[in-house]
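Observations on the three-dimensional arrangement
Residue-level listing of the chains:
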Amino acid sequence: MKTNTIESRLAAAVIIPHYNDVTRLGRCLEELTRNDLADVDVLIVDNGSTVPLNGIQARFPDFRFVTEPEKGAAAARNRGIAETAAPLLLFIDADCVPDQDWVSVAREIAPKADLTGGRVSVFDETPPPRSGAEAFEAVFAFDFKTYVEKGGFSGAGNLVTRRDVFDAIGGFTNGVSEDREWTMRAVARGYSLAYEDRLRVSHPSRQDWPALRQKWRRMTNEMYQLNGTDFRARARWIAKALAMPISAVVHVPKVLRSGRLNGPGEHLRAIGTLFRIRLLRMVWMLKQAAGLSI
């Protein structure tokens, strides 16, 4: 992969894909400046936003802004890596907020595994009480510990790896769940994947049903691409679809036990949204198995 001539003294690079979310990007970068950024290359890779970036570039003159015309976080992350020579790679999304020790923790834990996913907490951008979508996300969103330790993959909203791993595995792939596919590809090649709770960022919850529905429609499409489309793959997909209502029932106790929700109203709204999204996913998945779009 081509790299430019960034000075070799840079030990780490922070790669941030961005598209049309300047307010949240500004919040992310503001918190990032509270980290120790000595010998750290911070790259914001913009996917051709239609909103102007002049103001935020002026606010953060020490950070580099590059444009990647190919849409998608996969292409943006690949471009960011191509733009830096740093051996340690830190990934965070533009709408995430890093802890003040995020970079220092990343440096400390990097030698322990080839890839490390961290904790992603959820916060609300609206005043209480929570909507059904916000309550659902408070319980279920971004469970990176389970992703890593049981699923064998990690999201890239809070991920640390090395350039030599990336060079060996190849780039992120657009059109699928790119972070899941990439980390699973690395694990399949024998690279180690670990979870580190001290590596922390936070992410805003989806505020309402349309936003949550859009998220899960995208994720269902991406997961179907990873599932495969031959007869056996479709059969597995149908079985997973039919298990969705059962999974909702199984997860009700998790909602009821959650200390993240306040009062019976939020618990009830979370349970209602749990059944609503799982039943919708079942319908989507059955349509996909039948060769229909969702």
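As shown above, the structure is provided for reference.
Summary of the structure given here. Not measured: the values here are computed from a predicted model.

**Brief notes about unusual backbone geometry**
In this structure, Pro 129 follows Pro 128 across a cis peptide bond, with omega equal to 0°. Its place among the elements puts Pro 129 in the loop between β6 (115–123) and α5 (132–140). In this structure, Asn 20 takes a positive phi of about 55° despite not being glycine. Considering the arrangement of structural elements, one finds Asn 20 in the loop between β1 (12–18) and α1 (22–32).

**Describing the sheet that holds strand β4 (residues 88–92)**
The strand order across the open sheet built from eight strands is β3-β2-β1-β4-β7-β6-β8-β5, with neighbouring strands paired in mixed fashion. At either margin of the open sheet sits one strand with a lone partner, and together these are β3 (64–67) and β5 (97–98). As judged from the five bridges shared by β4 and strand β7 (residues 158–162), these two strands associate in the antiparallel manner. By the bridge assignment, Leu 88 is partnered in β7 with Arg 162. Set on the sheet, helix α3 (residues 73–82) makes contact with β1, β2 (40–46), β3 and β4; between it and β1 the angle comes to about 150°. This element, helix α4 (residues 102–109), spans β1, β2, β4, β5, β6, β7 and β8 (193–204) of the sheet and lies at about 165° to β8.

**Topic: the packing of α5 against helix α9 (residues 209–227)**
Closest axis-to-axis distance for the α5/α9 pair is 8 Å, and the angle between their directions is 45°. The angle between α5 and α9 places the two elements in the oblique class. Here α5 contributes Ala 133, Phe 136 and Glu 137 to the contact with α9, which in turn contributes Trp 209, Leu 212, Lys 215 and Trp 216. Residue composition of the contact of α5 with α9, by class: five nonpolar, no polar and two charged.

About the cut-offs
Residues numbered from 1 in each chain as written. Predicted model: local features only at pLDDT ≥ 70, side-chain atom pairs only at ≥ 80, totals over all residues. Heavy atoms only, no water. Helix = DSSP H or I, 4+ residues; strand = E, 2+ residues; numbered from the N terminus. Pairing = 2+ DSSP bridges. Contact = heavy atoms within 4.5 Å. Axes fitted to C-alpha atoms, helices over the stretch in contact; angles between N-to-C directions. Parallel < 35°, antiparallel > 145°, perpendicular 65-115°, else oblique. Nonpolar A, V, L, I, M, F, W, Y, C, P; charged D, E, K, R; others polar.

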